[in-house]
Amino acid sequence: MPSGQRAQWKGFLKFGEVSCGVALYTAASTSERITFNTINKATGNRVNRIFIDSETEDPVPKEAQTKGFEIEDGRYIIIDPEEVSAAIPESNKTLEVEAFIPCSDVDDVYFDKPYYLTPDRMGGDAFAALRDAMKKSMVAAIARTVLFRRMRTVLIRPHGKGLIASTLNYDYEVRSSEKAFEEMPKLKIEGEMLDLAKHIISTKKGEFDPATFDDRYEAALADLVKAKLEGKSLPKPKKVQVSKPNDLLAALRESAGMMRAADDKPKRTAANANQGTGRQRAARGAAAKSAASKAAPQRKAS
């Protein structure tokens, strides 16, 4: 069990006639993001959200609210929360594996939310057997169960010492890519323009390391809060100039030239480069923490 973290779901993972107790833990969280509240400009007080009747404009307390499905303009079928609960398929708290598939079979557009899947104390052997067999076979598992009051399809993959379970969007929830791209003109790029683009790509190849990606929006918010506390103003961001068709080839030539010049410069060693990156990240982190600590009394009312 991850230290200090509550399981989002507990149940059983079953494959064939083998089952083991498991738990799901949130793999990604937004709780560390800077948040704002809605404020009345005139008074500086926080604004509370109140539900009102659309016709009478009278406030409606929570205990008087229910669910409804609109069948036509202004007419609703009233559905109580108890009826919603009764309509949800019964869950036997079991993630039952329906099939093992190649990991590449699932398009990324179907991925919803990731969860860490861990074994309980009594199911470690069966869990480890499944994990290691999936690693060696290079497959993922498709399973289904009721999660958070919905029947969900889950993709399970080996991940470190455990498994990672990603809920999947249903096909009807994923919008057609053909419709999204249907208005794109049919263009065929070739010759020097294509060669320059390929050259730029070849000089910028790297590896995915999430630790090197900074949340610039969150850092900008921290800087903004800090500047407001100190009575300073931030410089306005420069507008991005979109390359026009007539200037595209020139821009590609300039970019390729810059890449060649960068290749000719002496490079820092990996150790020095990492230290520099670490110092920059530490400096940004310190600034963000400073802004957050200074803004702590007002953070929810900023």
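In case you missed it, the structure is sitting above this.
Below is a summary of the structure that appears in this document. (Residues numbered from 1 in each chain as written. Predicted model: local features only at pLDDT ≥ 70, side-chain atom pairs only at ≥ 80, totals over all residues. Heavy atoms only, no water.)

Moving on: a negative patch on the surface. Together, Asp-53, Glu-55, Glu-57 and Asp-58 give the surface a local cluster of negative charge. One can find Glu-57 in the loop between strand E2 (18-26) and strand E3 (67-72). (Patch = residues over 30% accessible without salt bridge, like charges linked within 9 Å, V, L, I, M, F, W, Y side chains within 5 Å. Areas by Shrake-Rupley, 256 points an atom, 1.4 Å probe, with all protein chains shown as cover. Salt bridge = Lys/Arg side-chain N within 4 Å of Asp/Glu carboxyl O. Lys, Arg positive; Asp, Glu negative; His and termini not counted. Charge placed at Lys NZ, Arg CZ, Asp CG, Glu CD. Helix = DSSP H or I, 4+ residues; strand = E, 2+ residues; numbered from the N terminus.)

Next up on the list: the side chain of Ser-166. With respect to the helices and strands, the residue Ser-166 is situated in strand E9 (residues 162-168). Among the residues examined, Ser-166 registers a relative accessible area of 3% and is labelled buried. A polar contact of 3.1 Å, which involves the side chain of Ser-166, links it to the side chain of Arg-157. Apart from the residues lying within four places of it in its own chain, the contact partners of Ser-166 are Phe-111, Lys-113, Pro-114, Thr-153, Val-154, Leu-155 and Arg-157. (Buried < 20%, exposed > 50% of the residue type's maximum accessible area, 1.4 Å probe, protein only. Polar contact = N/O pair within 3.5 Å; in protein donor to acceptor, adjacent residues only side chain to side chain. Contact = heavy atoms within 4.5 Å.)

Taking 1.5 Å of rise per residue, the 14 residues of helix H2 (residues 124-137) would be expected to cover 20 Å, and the 20 Å separating its terminal C-alpha atoms lies within 8% of that figure. Regarding H2, the residues found buried are Ala-126, Phe-127, Leu-130, Arg-131 and Met-134. Projected onto a plane normal to the axis of H2, the buried residues spread over an arc of 135° and lie on a single side. Exposed and facing more than 90 degrees away from the buried side of H2 are Asp-125 and Lys-136. (Expected span 1.5 Å × (residues − 1). Arc of directions from axis to C-beta.)

Time to look at the pairing of strand E1 (residues 9-15). Sheet analysis places E1 next to E2, joined by seven bridges and oriented antiparallel. In the sheet register, Phe-15 faces E2, and the bridge partner there is Val-18. What sits between the antiparallel neighbours E1 and E2 is a turn of two residues, in which Gly-16 has the positive phi angle 65°. Bridge count between E1 and strand E5 (residues 94-102): three bridges; the pairing is parallel. By the bridge assignment for E5, Lys-14 is matched with Glu-96. (Pairing = 2+ DSSP bridges.)

What follows covers the nonpolar core. Of all hydrophobic cores here, the largest spans 22 residues; its most connected members are Leu-13, Val-22, Leu-24, Leu-95, Leu-117, Ile-156 and Leu-163. Going through the elements one at a time, E1, E2, E5, strand E6 (111-119), H2, strand E7 (139-147), strand E8 (150-159) and E9 are the ones with two or more residues in this core. Ignoring anything within four residues of it in the chain, the contact list for Leu-13 reads Val-18, Ser-19, Cys-20, Val-22, Leu-95, Val-97, Leu-117, Leu-130, Ile-156 and Leu-163. With six residues, the next largest nonpolar core counts Val-106, Ile-142, Leu-155 and Leu-168 among its residues. (Core = buried A, V, L, I, M, F, W, Y, C linked by side-chain atoms within 4.5 Å.)

Moving on: the packing of aromatic side chains. One pass over the full model with this rule turns up two aromatic pairs. Ring centres 5.8 Å apart and planes at 40° place the aromatic pair Tyr-115 and Phe-148 in the tilted group. Of this pair, Tyr-115 sits in strand E6 while Phe-148 sits in the loop between E7 and E8, and the two are 33 residues apart along the sequence. Judged by relative accessible area, Phe-148 falls into the partly exposed class, the value being 40%. (Phe/Tyr/Trp six-rings, centres within 6.5 Å; stacked < 30°, edge-to-face > 60°.)

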